[in-house]
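Here is what each chain is made of, one letter per residue.
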Amino acid sequence: MRSNVFNLGIALVLILGFVAFNSLFIIREGNVGIVTRFGAVTRTSESELNISRPGLHVKIPFIDRVRILDARIQTLSSKADRFVTSEKKDLIIDSYVKWRISDPATYYLTTAGGNKMQAEELLRRRITNSLRSQIGKLTIHEIVSGKNDEDAPAFDSVNSADSENAIIGSSKRDEVMQNALRDIGQSATELGIEIIDVRIKQINLPPEVSSSIYARMRAERDAVAKLHRSQGRQEAETIRAQADRDVAIKIAEAQRQGRALMGQGDAEATRIYADAYKQDPELFDFLRSMAAYREALKSGQDILVLEPDNEFFRYFNEPSGKRVSN
């Protein structure tokens, strides 16, 4: 009997523990919870949706269901889309949005029970429509030439105190984008969403336009390159002609100086020969005759046909070099 009572007590404790465990739920920081009962959202005494904030909460076990919603800042990256400027020219613009849940009850009701994919789709439509209408007021130059993010943010939080005042004097794009941000924020409020920030990530021209622009840029660069090459060839010819002229002048000057030095050398040699001849004419004649013999007979195979009494052989006939009279 005692064993049965003990077992029953243990079973009762386990059942109570299981029921208590299923009666409690925790909402973590950064999330909110909505409790549904038999598929319907529970409400407070004021007929408002019962929103569970971060902390420990109680629900009816096995009957209530808790839907957890992420209340942190989310990022919605829109795919690149085609926009038309005031010049009727197309641009491919890639943008993104920072958003979060501001009214969980409205968000839950308008997004089919807090469906994030549906919420982002509804938000994407509103963003695209608003940007399309505002970008249509700008030229390509005004869109591209906006200030850097560090100097003046193109978008601020729509719920901030300064959100109603556009940035004056920064750029036309900033002003128009502030209007777009205001429109997006007002329409997003209907979904229970707060728009934190909207940014344009990238601006491109359509592929067909980009191809023609790149082709034109290549043609312009080719024309500039050809101009530079022709100018370079002209400069090269000028430099080459100047170098040839300088070379010809330098060679002519060197030849002139060379001839002048050779003339001076010959004159100096003649003077030296004359001085030597004056000092000892016989020795001078002898040396010159020996030099002539050496040059004439150095090969050893030369044949000279001369008369024996020729002046050339006078030192052969008479070692003293005296001329022999017949």
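Shown above is the structure to which this text applies.
Below is a short write-up of the structure. (Residues numbered from 1 in each chain as written. Predicted model: local features only at pLDDT ≥ 70, side-chain atom pairs only at ≥ 80, totals over all residues. Heavy atoms only, no water.)

1. Notes on the pattern of salt bridges
Between side chains of opposite charge, pairing is possible as soon as their charged atoms come close.
Argument step 1. A full pass over the atoms with the stated rule returns 14 salt bridges.
Argument step 2. Between arginine 126 and glutamate 190 there is a salt bridge, with the nearest N and O atoms lying 3.9 Å from each other. Residue arginine 126 is located in helix 3 (residues 116-135), and its partner glutamate 190 is located in the loop between helix 5 (172-189) and strand 10 (193-204); the two are separated by 64 residues in the primary sequence.
Argument step 3. Note on arginine 126: relative accessible area 24%, which makes it partly exposed. (Salt bridge = Lys/Arg side-chain N within 4 Å of Asp/Glu carboxyl O. Helix = DSSP H or I, 4+ residues; strand = E, 2+ residues; numbered from the N terminus. Buried < 20%, exposed > 50% of the residue type's maximum accessible area, 1.4 Å probe, protein only.)

2. Here we look at the pairing of strand 7 (residues 74-77)
Argument step 1. Alternating positions in strand 7 separate cleanly, Gln74 and Leu76 being buried on one face and Thr75 and Ser77 remaining unburied on the opposite face.
Argument step 2. Note: strand 7 against strand 9 (residues 90-101), 4 bridges, orientation antiparallel. Paired with threonine 75 across the bridge in strand 9 is lysine 98. (Pairing = 2+ DSSP bridges.)

3. Here we look at the packing of helix 6 (residues 207-279) against helix 7 (residues 281-296)
For any two helices packed against each other, the geometry is given by the interaxial angle and the distance between the axes.
Argument step 1. At a minimum axis separation of 5 Å, helix 6 and helix 7 run at an interaxial angle of 125°. Comparing their axes, helix 7 and helix 6 come out oblique. In contact with Tyr273, Ala276, Tyr277, Lys278 and Gln279 of helix 6, helix 7 contributes Pro281, Phe284 and Asp285.
Argument step 2. Taken together, the residues of the contact of helix 6 with helix 7 break down into 5 nonpolar, 1 polar and 2 charged. (Axes fitted to C-alpha atoms, helices over the stretch in contact; angles between N-to-C directions. Parallel < 35°, antiparallel > 145°, perpendicular 65-115°, else oblique. Contact = heavy atoms within 4.5 Å. Nonpolar A, V, L, I, M, F, W, Y, C, P; charged D, E, K, R; others polar.)

4. What about a nonpolar patch on the surface?
Argument step 1. On the surface, a nonpolar cluster with roughly 530 Å² of combined accessible area is contributed by Phe18, Phe38, Ile60, Phe62 and Ile63.
Argument step 2. With respect to the helices and strands, phenylalanine 18 occurs in helix 1 (residues 2-23).
Argument step 3. For phenylalanine 18, a relative accessible area of 47% gives the class partly exposed. (Patch = residues over 30% accessible without salt bridge, like charges linked within 9 Å, V, L, I, M, F, W, Y side chains within 5 Å. Areas by Shrake-Rupley, 256 points an atom, 1.4 Å probe, with all protein chains shown as cover.)

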